[in-house]
Amino acid sequence: MILTTLAAAAPAIGAAPGHVRFADLGLNPNVFSIGFFTLRWYSLAYISGILVGWWYLLKLLAQPGAPMARRHADDLVFYATLGIILGGRIGYVLFYAPDMLLHPLRILRLWDGGMSFHGGVIGTSLGLILFARKHRLNWLRVHDYIACCVPFGLFFGRLANFVNGELWGKPTDVAWGIVFERTVAFDQIEPARHPSQLYEAGLEGVILFAILWFAFWRTKARYDPGKLVGLFLIGYGAARFIVEFFREPDAQFRGTFVEATGIHMGQWLCVPMIAGGAYLMATAAKRRTRVEPIAGSESVA
């Protein structure tokens, strides 16, 4: 719907023939500023993803066979949030900007941007394992439930990337191409580019959520430990791998093995995700035992 609207608006708005100019969309990375405080859409995306995910998690926990009680949700959100922030930032430094290790103070400047989803997954997973051990819960089934909530954060985060005018795609002639700002040298003409942020919002957010929703509510996948999180890993990995073909390669990897292979760093990081997800799904049925729920009123064979 968004892409169709952009394509229809192109003749009227786009300064480049047939394309929309990003500056004419009137988007601002800041929601509002009061004195020294500025609320950015990117920050709001993180907050919204966590809050909406929390609300949806409570809906899931109300169903028979839940791996934890409603009272655990508050504690879990703390562990997950800490994992997202620390894992996302550390992952960005290790995977995309190792030069930051020479300037440690730059790592703390979260407001300058730079978060890795793959790092966030690792950080969140470690946080959930610690949470499960603390409460003596099945850590893999806890992951299953959290995986169903992650697409909310992905959707909001990619929309925030678009509003920020960052992580744009490769040059294109498609009708919905966007002429982003400062993508080439000053003396060159800005080309229209794929709005790859919106592609990811649709695939990683809307479609992945729909797949996990169907698996949770219309099948018995939630009773096979690891099946839902495995489905998430495969779904996200495949979506990200595909969209990366439309995204501009990371400039810092030019002249490296990553560029030589024609596969972006984001795609390389998706390979173990897909393999791990496939393993979890293939072996999930073997891990199924009689579920005596912590929440709900029924036990499930």
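Residues numbered from 1 in each chain as written. Predicted model: local features only at pLDDT ≥ 70, side-chain atom pairs only at ≥ 80, totals over all residues. Heavy atoms only, no water.

Look at helix H8 (residues 196-218): 31 Å from first C-alpha to last across 23 residues, which is about the 33 Å you get at 1.5 Å a residue. At Leu208, H8 shows its maximal kink, close to 30 degrees. Those residues of H8 that fall on the buried side of the exposure criterion are Ser196, Gln197, Leu198, Tyr199, Glu200, Ala201, Glu204, Gly205, Leu208, Leu212, Ala215 and Phe216. (Helix = DSSP H or I, 4+ residues; strand = E, 2+ residues; numbered from the N terminus. Expected span 1.5 Å × (residues − 1). Bend = angle between axes of the 7 residues up to and from the residue. Buried < 20%, exposed > 50% of the residue type's maximum accessible area, 1.4 Å probe, protein only.)

A few words now on the nonpolar core. Grouped together as the largest cluster of nonpolar side chains are 39 residues, with contacts concentrated most on Leu57, Met68, Leu76, Val142, Phe232 and Tyr236. Secondary-structure elements contributing two or more residues to this core are helix H2 (41-61), helix H3 (72-95), helix H5 (117-135), helix H6 (139-147), helix H7 (150-164), H8, helix H9 (227-243) and helix H11 (265-283). Here this core takes 6 residues from H9, the largest share from any one element. Other than its neighbours up to four places away in sequence, Leu57 contacts Met68, Ala73, Leu76, Tyr145, Ile146 and Cys149. Among the nonpolar cores identified, the runner-up in size contains 7 residues, and Val20, Phe22, Phe162 and Phe180 belong to it. (Core = buried A, V, L, I, M, F, W, Y, C linked by side-chain atoms within 4.5 Å. Contact = heavy atoms within 4.5 Å.)

For any two helices packed against each other, the geometry comes down to the angle between their axes and how far apart the axes lie. In the contact formed by H5 and H6, the axes pass within 9 Å of each other and the chain directions differ by 130 degrees. By the criterion of interaxial angle, the relationship of H5 to H6 is oblique. With respect to the hand of their crossing, H5 and H6 are arranged in right-handed fashion. Where H5 abuts H6, its residues Ser125, Leu128, Ile129, Phe131 and Ala132 lie against Trp139, Val142, His143 and Ile146. (Axes fitted to C-alpha atoms, helices over the stretch in contact; angles between N-to-C directions. Parallel < 35°, antiparallel > 145°, perpendicular 65-115°, else oblique. Left-handed = near helix turned anticlockwise from the far one by under 90°.)

Another aspect to go through is the pairing of strand S3 (residues 37-40). Pairing between strand S2 (residues 30-34) and S3: 4 bridges, direction antiparallel. Across the sheet, residue Asn30 finds its bridge partner in S3, namely Arg40. The hairpin turn running from S2 into S3, its antiparallel successor, is 2 residues long, and Gly35 in that turn takes a positive phi close to 60 degrees. (Pairing = 2+ DSSP bridges.)

Right, let's talk about the packing of aromatic side chains for a bit. Under the criterion given, the structure shown has 20 aromatic pairs. Members of the aromatic cluster, connected to one another through ring pairs, are Trp55, Tyr56, Phe152 and Phe209. The side chain of Arg222 reaches across the aromatic face of Phe216, ending 4.6 Å from its centre. (Phe/Tyr/Trp six-rings, centres within 6.5 Å; stacked < 30°, edge-to-face > 60°. Lys NZ or Arg CZ within 6 Å of the ring centre and 35° of its normal.)

Time to look at the pattern of salt bridges. Proximity of charged atoms lets side chains of opposite charge pair with each other. Applying the stated criterion across every chain, the model contains 10 salt bridges. Between Asp75 and Lys134 there is a salt bridge whose closest N-O contact spans 3.3 Å. Separated by 59 residues along the polypeptide, Asp75 in helix H3 and Lys134 in helix H5 bring together distant segments of the chain. Using a relative accessible area of 51% as the deciding quantity, one classes Lys134 as exposed. Bridged by salt links that share partners, the residues Arg158, Glu200, Glu204, Arg240, Glu244 and Arg247 form one connected network. (Salt bridge = Lys/Arg side-chain N within 4 Å of Asp/Glu carboxyl O.)

Detailed reading of predicted coordinates is not advised where the pLDDT is low. Per-residue confidence for the protein chain gives a mean pLDDT of 86, with 88% of residues at or over 70. Every residue in residues 9-15 scores below 50 in pLDDT, and together they form 13 contacts with partners more than four places removed in sequence or on other chains. (pLDDT = per-residue confidence, 0-100.)

What follows covers the side chain of His72. Assignment of secondary structure puts His72 in helix H3. Given a relative accessible area of 6%, His72 falls into the buried group. Here the side chain of His72 touches Ala69 through a polar contact of 2.9 Å, landing on its backbone nitrogen. (Polar contact = N/O pair within 3.5 Å; in protein donor to acceptor, adjacent residues only side chain to side chain.)

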